[in-house]
Amino acid sequence: MVTVKLAPSILAADFGRLGEQVAEAEAAGADRIHVDVMDGHFVPNISIGVPVVRSLRKITRLPLETHLMIADAPRYLTAFAEAGSDTLIVHQEVVPHLHRAVQQIKQLGLRAGVAINPATPVGLLEDILDDLDLVLVMTVNPGFGGQEFIASTVTKIRRTRQLLEARRLPADLEVDGGIEPHTAPEAVVAGANVLVAGTAIFQQADGIAAAMQRLLRSCGTRTS
Ligand code: DX5
Ligand code: ZN
């Protein structure tokens, strides 16, 4: 049985009850909490920033992975590290000196991840792959929760898995966007081992724990 990790994305949570909902996800076996930071420049939406990471750090023991959908990510790495992030994910499309940014993240003592948009080929990560702890293949165009999974990204998930396997790299292969019980299995079969999910976890009538179980069951797995 494959072990798939769940990274609940708080973008879909009720921010008035954020602590409570994160605690619920933690109790239900979440592997990490995914924090979506948006700047209204790289993506057409604004979300949350450093203070929310700092507050989350106080209320959960889970690793916090911060997905930086912001134009000038290198400028904010230290601030997000000090706030309590465990992993920092930057976007290939907006960080020209990607090697430097990845080294900065590692020097801060954190796990380094790089995200690629649906139109960005994974081949662009070939020369940085060995340095990464996580590759995030976006399965929607970043900026909003609740979008539909883009099926053509499955081929890229498969190619990313092949690249990692060919070099025997242990990096996580994470997918983000439109991950629900009817799309997760495809992503997992293609090679994803971490599922980011917002709507499918935080906006279900039967609650967070039931939604997480449903997601895991859909891909024939359970929490580790
Ligand atoms: C999208 C964000 C995602 C988002 C996913 O730009 O990076 O993490 O929260 O939300 P769902 O699971 O609702 O597609
Ligand atoms: Zn995200």
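Here goes a summary of the coordinates provided. (Residues numbered from 1 in each chain as written. Chains lettered and ligands numbered in written order. Predicted model: local features only at pLDDT ≥ 70, side-chain atom pairs only at ≥ 80, totals over all residues. Heavy atoms only, no water.)

1. Points about the side chain of His91
At step 1: Summarising the element assignment, His91 is placed in strand β4 (residues 87–91).
At step 2: Polar contacts involving the side chain of His91 include one to the side chain of His67, which spans 2.9 Å.
At step 3: Those residues in contact with His91, other than ones at most four positions away along the chain, are Phe42, His67, Leu68, Met69, Ala115, Asn117, Met138 and Pro142. (Helix = DSSP H or I, 4+ residues; strand = E, 2+ residues; numbered from the N terminus. Polar contact = N/O pair within 3.5 Å; in protein donor to acceptor, adjacent residues only side chain to side chain. Contact = heavy atoms within 4.5 Å.)

2. Describing the coordination of the zinc ion (ligand 2)
At step 1: Coordination of the zinc ion (ligand 2) by the protein involves His34 (NE2), Asp36 (OD), His67 (ND1) and Asp176 (OD), with metal-donor separations of 2.1 to 2.3 Å.
At step 2: Metal-centred angles of 70 to 169° between the six donor atoms at the zinc ion (ligand 2) mark the site as octahedral.
At step 3: All donor residues of the zinc ion (ligand 2) come from one chain, and their arrangement in sequence is H-x1-D-x30-H-x108-D. Of this pair, His34 sits in strand β2 (residues 33–38) while Asp176 sits in strand β7 (residues 172–176), and the two are 142 residues apart along the sequence. The same class applies to His34 and to Asp176, which are both buried. (Donors = N, O, S within 2.8 Å, 3.2 Å for Na, K, Ca; no water. Tetrahedral: all angles 85-135°; square planar, octahedral: opposite > 155°, others 65-115°. Buried < 20%, exposed > 50% of the residue type's maximum accessible area, 1.4 Å probe, protein only.)

3. Overview of the sheet that holds β7
Hydrogen bonds along the backbone pair up the strands of a sheet, which may run parallel or antiparallel.
At step 1: Strand order in the open sheet formed by eight strands is β1-β8-β7-β6-β5-β4-β3-β2, and the pairing between neighbours is parallel. Bordering the open sheet on either side are β1 (5–8) and β2, each of which pairs with just one other strand. Strand-to-strand twist in this sheet, taken as the mean axis angle between neighbours without regard to direction, amounts to 25°.
At step 2: Here β2 pairs with strand β3 (residues 64–69) via six bridges, running parallel. Each residue of the ladder has a partner; that of Ile33, found in β3, is Leu64.
At step 3: Sheet strands in contact with helix α4 (residues 98–107) are β4 and β5 (111–116), and its direction is about 145° off that of β5. (Pairing = 2+ DSSP bridges. Axes fitted to C-alpha atoms, helices over the stretch in contact; angles between N-to-C directions.)

4. Section: the pattern of salt bridges
At step 1: Under the criterion given, the structure shown has 10 salt bridges.
At step 2: Here Glu20 and Arg17 are joined by a salt bridge, their closest N and O atoms 2.8 Å apart.
At step 3: Glu20 sits in the partly exposed class, given a relative accessible area of 47%.
At step 4: Judged by relative accessible area, which is 37%, Arg17 ranks as partly exposed.
At step 5: For the salt bridge of Glu174 with Arg32, the shortest nitrogen-to-oxygen distance reads 3.5 Å. Placement of Glu174 in strand β7 and of Arg32 in the loop between α1 (18–27) and β2 is noted, with a sequence separation of 142 residues between them.
At step 6: What makes Glu174 buried here is its relative accessible area of 0%.
At step 7: A residue is classified by how much of its surface remains accessible, and Arg32, at 5% relative accessible area, is buried.
At step 8: Here the salt bridges share partners, and the residues they tie into one network are Asp31, Arg32, Glu65, Arg111, Asp172 and Glu174. (Salt bridge = Lys/Arg side-chain N within 4 Å of Asp/Glu carboxyl O.)

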